[in-house]
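# An overview of the molecular structure
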Amino acid sequence: MPDILLAPDVAQALRDGHPVVALESALITHGLPRPLNMDVAREMEEMVRQEGAVPATIAVLEGQPCIGLEPEQMERLAAEPSPVKISLRDLPAVVARRATGGTTVAATMHLAHRAGLRVFATGGIGGVHRGHPEDISADLPALASIPIVVVCAGAKAILDLPRTLEMLETLGVPVVGYGTDTFPAFTSPTSGLLLSLRADSPEEVAAMARARDDLGLRTAILVTVPVPEEDGIPWEEAQSEIETIVAQAEREGIHGPALTPYLLARLAQQTDGRSLRANRALLLQNARVAARITRAVSNSTQF
Ligand code: PSU
Ligand code: MN
């Protein structure tokens, strides 16, 4: 079994120096309900192709880390009855035991970087949970140590965003507002928290990634793109819903890896599906931006 299996079109694109965008799969297995999960996964791949790059959805299937899934592999993953939510610490056991699951931002970053991919699109990264400053997503240390560009819509709105942003600063991760001066809040366009970096074009992001490499730094560059205004839930409005569901999780004693999927599912119920529409819109937009950045990164590294 190869340690990482590349889909034929991904392998070809990497050989030819064509842009490849990594996509994660925990959002398919744990972030979105069926059948929306499959539709969105397909749409994200389509968006990347439309923008002139090759999509590579990353997952572990029966112990095999895969970079790029065939349509039937994607379908099997989306329909898997009890997939594993695979973060970094889970990778060794999942591979050793031949298990199947979706990779989180942290695990996807690791596999993508190992395969030579440089840009990765997701929805919202993990961070520090509200009321539980000890529950910090492995996404944050991964961002501090894996040099890849991660395109997201900020950290998930259900989290403690000020603490999450502080932690990213501590870890030395550049957080870039893409066309914005404030930290986007996943399904809400802004948290109101100010960012120190802004970029308005794919080329600016590519230049930062290049400078990071030249400086010998190993951090990711976190590009945060606000959900389109018309699809997003205004931040103040989202707050009251989130306070309710965070209290509910507390009462029900939900914690650990189950907490984020629980909160996302409750938020969808609580907002009558508006959070799902916002989640879909931001994922597609992030796929588009990531494809454009990947093209700029490839251009900036051609000799
Ligand atoms: N983006 C989405 N939906 C998701 C996720 C991201 O739109 O479900 C996933 C990512 O895989 C992220 C994970 O790494 O949620 C965070 O989980 P935790 O807080 O347990 O680290
Ligand atoms: Mn956690």
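Residues numbered from 1 in each chain as written. Chains lettered and ligands numbered in written order. Predicted model: local features only at pLDDT ≥ 70, side-chain atom pairs only at ≥ 80, totals over all residues. Heavy atoms only, no water.

## So, the nonpolar core
- Grouped together as the largest cluster of nonpolar side chains are 105 residues, with contacts concentrated most on Met109, Ile125, Leu143 and Ile293.
- It is helix H12 (residues 274-300) that provides the largest number of residues to this core, a total of 11 residues.
- For Ile293, the contacting residues outside a window of four places in its chain are Val119, Val149, Val151, Tyr178, Pro202, Val205 and Val223. (Core = buried A, V, L, I, M, F, W, Y, C linked by side-chain atoms within 4.5 Å. Buried < 20%, exposed > 50% of the residue type's maximum accessible area, 1.4 Å probe, protein only. Helix = DSSP H or I, 4+ residues; strand = E, 2+ residues; numbered from the N terminus. Contact = heavy atoms within 4.5 Å.)

## Some words on the pattern of salt bridges
- Scanning the model with the defined rule gives 13 salt bridges in all.
- Arg114 is paired through a salt bridge with Asp3; the nearest N and O atoms lie 3.1 Å apart. Linking Arg114 in helix H6 (residues 105-114) with Asp3 in the segment before strand E1 (5-6), this pair joins segments that are 111 residues apart in sequence. Here the two residues Arg114 and Asp3 agree in accessibility, since each one is exposed.
- One continuous salt-bridge network, built from bridges that share partners, spans Arg118, Arg212 and Asp213. (Salt bridge = Lys/Arg side-chain N within 4 Å of Asp/Glu carboxyl O.)

## Observations concerning unusual backbone geometry
- Put simply, Arg34 and Pro35 share a cis peptide bond, and its omega is -5°.
- Relative to the helices and strands, Pro35 resides in the loop between helix H2 (26-31) and helix H3 (36-50).
- Within the chain, Arg98 stands out as a residue other than glycine whose phi angle is a positive 60°.
- By secondary structure assignment, the location of Arg98 is in the loop between helix H5 (91-96) and strand E6 (101-103).

## So, the pairing of strand E2 (residues 20-23)
- Burial of E2 is two-sided: the residues Val20 and Ala22 facing one way and the residues Val21 and Leu23 facing the other way are all buried.
- Pairing geometry for E2 and strand E3 (residues 54-61), over four bridges, is parallel. Note that in E3 the partner of Val21 across the bridge is Pro55. (Pairing = 2+ DSSP bridges.)

## Some remarks on the side chain of Asn286
- Inspection of the secondary structure assignment puts Asn286 in helix H12.
- Setting aside residues up to four positions removed in sequence, Asn286 forms contacts with Ala121, Thr122, Gly123, Val151, Cys152, Ala153 and Val225.

## Some points on the site of ligand 1
- Near ligand 1 lie 18 residues; those nearest to it are Lys85, Ser137, Asp139, Lys156 and Thr260.
- The contact in question runs from an oxygen atom of ligand 1 to an N or O atom on the backbone of Val105, over 2.9 Å.
- The side chain of Lys156 places a nitrogen or oxygen atom 2.8 Å from an oxygen atom of ligand 1.
- Out of a free accessible area of 480 Å², ligand 1 has 93% covered by protein chains.
- In terms of residues, the shell around ligand 1 owes the most to one element, H2, which gives three residues. (Near = heavy atom within 4 Å. Polar contact = N/O pair within 3.5 Å; in protein donor to acceptor, adjacent residues only side chain to side chain. Areas by Shrake-Rupley, 256 points an atom, 1.4 Å probe, with all protein chains shown as cover.)

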